[in-house]
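# Structural features, examined
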Amino acid sequence: MSKKKRPDKISGISRRDFFRNSTAGALTTGLVSQGLVGAQNEAGIEIQGPGRVPIQLNVDGQTRTVQLEPRVTLLDAMRNHLDKTGAKRVCDRATCGACTILMDGKPVYACSILAIEAQGYRIETVESLGTPEKMHPVQTTFIKHDAQQCGFCTPGFVVARKAFLDRNPRPTREELEKGLGGNLCRCGTYVGIREALLELAGKGGSNA
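Our next topic: the overall build of the protein chain. The helix and strand tally for the protein chain stands at six helices and seven strands. The N-to-C order of helical and strand elements in the protein chain reads β-β-α-β-β-α-β-β-β-α-α-α-α. Buried residues in the protein chain amount to 37% of all 208 residues. Restricting the contact set of the protein chain to residue pairs at least 6 apart, pairs at least 24 apart contribute 52%. On the protein chain, roughly 12,700 Å² of surface is accessible, and the fraction owed to carbon and sulfur atoms is 51%.

Before going further, it helps to spend a moment on the state of the cysteines. Using the criterion set out here, one finds zero disulfides in the structure. Between cysteine 111, a free cysteine, and cysteine 99, which holds the nearest cysteine sulfur, the sulfur-to-sulfur gap is 3.8 Å. By relative accessible area, which is 11% here, cysteine 111 ends up buried. In this model cysteine 185 remains outside any disulfide bridge; the closest cysteine sulfur is found in cysteine 153, 3.7 Å from its own. The class of cysteine 185 is buried, set by a relative accessible area of 7%.

With that out of the way, let us pick up the nonpolar core. Judged by nonpolar contacts, the single largest core of 23 residues is most densely connected at Leu57, Leu74, Met78, Ile101, Met103 and Ile123. Mapped onto this core, the elements with two or more residues apiece are β3 (53-59), β4 (62-68), α2 (74-81) and β5 (100-103). When sequence neighbours within four positions are dropped, the list of residues in contact with isoleucine 123 reads Leu57, Asn58, Val59, Asp60, Leu74, Met78, Ile101, Leu102, Met103 and Ala118.

The end-to-end C-alpha separation of helix α4 (residues 154-167) is 20 Å, in line with the 20 Å expected for 14 residues at 1.5 Å each. With 12 of 14 residues buried, α4 lies mostly within the body of the structure. Buried within α4 are the following residues: Thr154, Pro155, Gly156, Phe157, Val158, Val159, Ala160, Arg161, Lys162, Ala163, Phe164 and Leu165.

Quick look at the sheet that holds β4 now. What holds strands together in a sheet is hydrogen bonding between their backbones, with the strands either parallel or antiparallel. Ordered by their spatial adjacency, five strands build an open sheet running β4-β3-β7-β5-β6, and the pairing between neighbours is mixed. The sheet terminates laterally at β4 and β6 (106-109), the two strands that pair on one side only. Neighbour-to-neighbour, the strand axes of the sheet open up by a mean angle of 40°, direction not taken into account. As paired elements, β3 and strand β7 (residues 122-124) share two bridges and run parallel to each other. What sits directly across from valine 59, in β7, is isoleucine 123.

This next bit is on the pattern of salt bridges. Evaluation of the coordinates by the stated rule reveals nine salt bridges. Glutamate 174 is the salt-bridge partner of lysine 178, the closest N and O atoms lying 3.9 Å from each other. Taken together, the positions of lysine 178 and glutamate 174, both in helix α5 (residues 173-179) and four residues apart, correspond to about one turn of that helix. By relative accessible area, which is 63% here, lysine 178 ends up exposed. Taking the relative accessible area as the measure of exposure, glutamate 174 reaches 54% and is therefore exposed. Between arginine 194 and glutamate 177 there is a salt bridge, with the nearest N and O atoms lying 3.0 Å from each other. With a gap of 17 residues between them, arginine 194 in helix α6 (residues 190-203) and glutamate 177 in helix α5 connect regions that are remote in the sequence. Taking the relative accessible area as the measure of exposure, arginine 194 reaches 25% and is therefore partly exposed.

Put simply, the largest pocket is a space of about 210 Å³. Considering the residues around the largest pocket, the lining is formed by Val126, Gln139, Phe142, Ile143, Gln148, Gly151, Thr154, Pro155 and Val158. Looking at the lining of the largest pocket, the elements with two or more residues in it are α3 (137-144) and α4. Of the residues contributing to the lining of the largest pocket, the split by class is five nonpolar, four polar and no charged.

Quick notes on the rules
- Residues numbered from 1 in each chain as written.
- Predicted model: local features only at pLDDT ≥ 70, side-chain atom pairs only at ≥ 80, totals over all residues.
- Heavy atoms only, no water.
- Helix = DSSP H or I, 4+ residues; strand = E, 2+ residues; numbered from the N terminus.
- Buried < 20%, exposed > 50% of the residue type's maximum accessible area, 1.4 Å probe, protein only.
- Contact = heavy atoms within 4.5 Å.
- Areas by Shrake-Rupley, 256 points an atom, 1.4 Å probe, with all protein chains shown as cover.
- Disulfide = S-S within 2.5 Å.
- Core = buried A, V, L, I, M, F, W, Y, C linked by side-chain atoms within 4.5 Å.
- Expected span 1.5 Å × (residues − 1).
- Pairing = 2+ DSSP bridges.
- Axes fitted to C-alpha atoms, helices over the stretch in contact; angles between N-to-C directions.
- Salt bridge = Lys/Arg side-chain N within 4 Å of Asp/Glu carboxyl O.
- 1 Å grid on protein atoms, 1.4 Å probe; cavity = no way out; pocket = protein on both sides within 12 Å on 5 of 7 lines; lining within 4 Å.
- Points joined across faces, edges and corners; volume = space filled by probe spheres on them.
- Nonpolar A, V, L, I, M, F, W, Y, C, P; charged D, E, K, R; others polar.

In short, shape yes, function no, at least from these values alone.
Structure below.
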């Protein structure tokens, strides 16, 4: 059986021109959608990036301006540019809770929020909760009940549990169990964490 020769031209357009034009069109569309071509999108909204832009963040009571690409996460901005290393990068996909911080008092995963989106919020990290000389009650009870081992998950647990107890200072044991959701400990220190939380709940919460 003879093989048919693939035509070099389709409807008067050569294959080479067809692919060249298609590739150019795709690239141009991609550049426009990323803000690389033109300063505004179709809705007339100014596009930030892709280069560095000034981003103002209020972290632990201090307002600082950093030059970052819009794609940089809040976690990377804090760790690499603001010297706030308490929040840890572990899963980097918003499942383990090791990077938990507070935004206007609400616990969030810093790895899943862009730094540019965090502007205008009051951000709190574990560094702001206490010092070695004067620790926060959550930190004190974690140490007392051996609620940590490697320490990578501990900052996220401390921050998230503070927020939980601030909302519900006298939770039931069932509420405490549910309150542990969102943070994972690969060392398995949940028994100590539960005991620490039960002690705090008996005293009336994290601000007791």
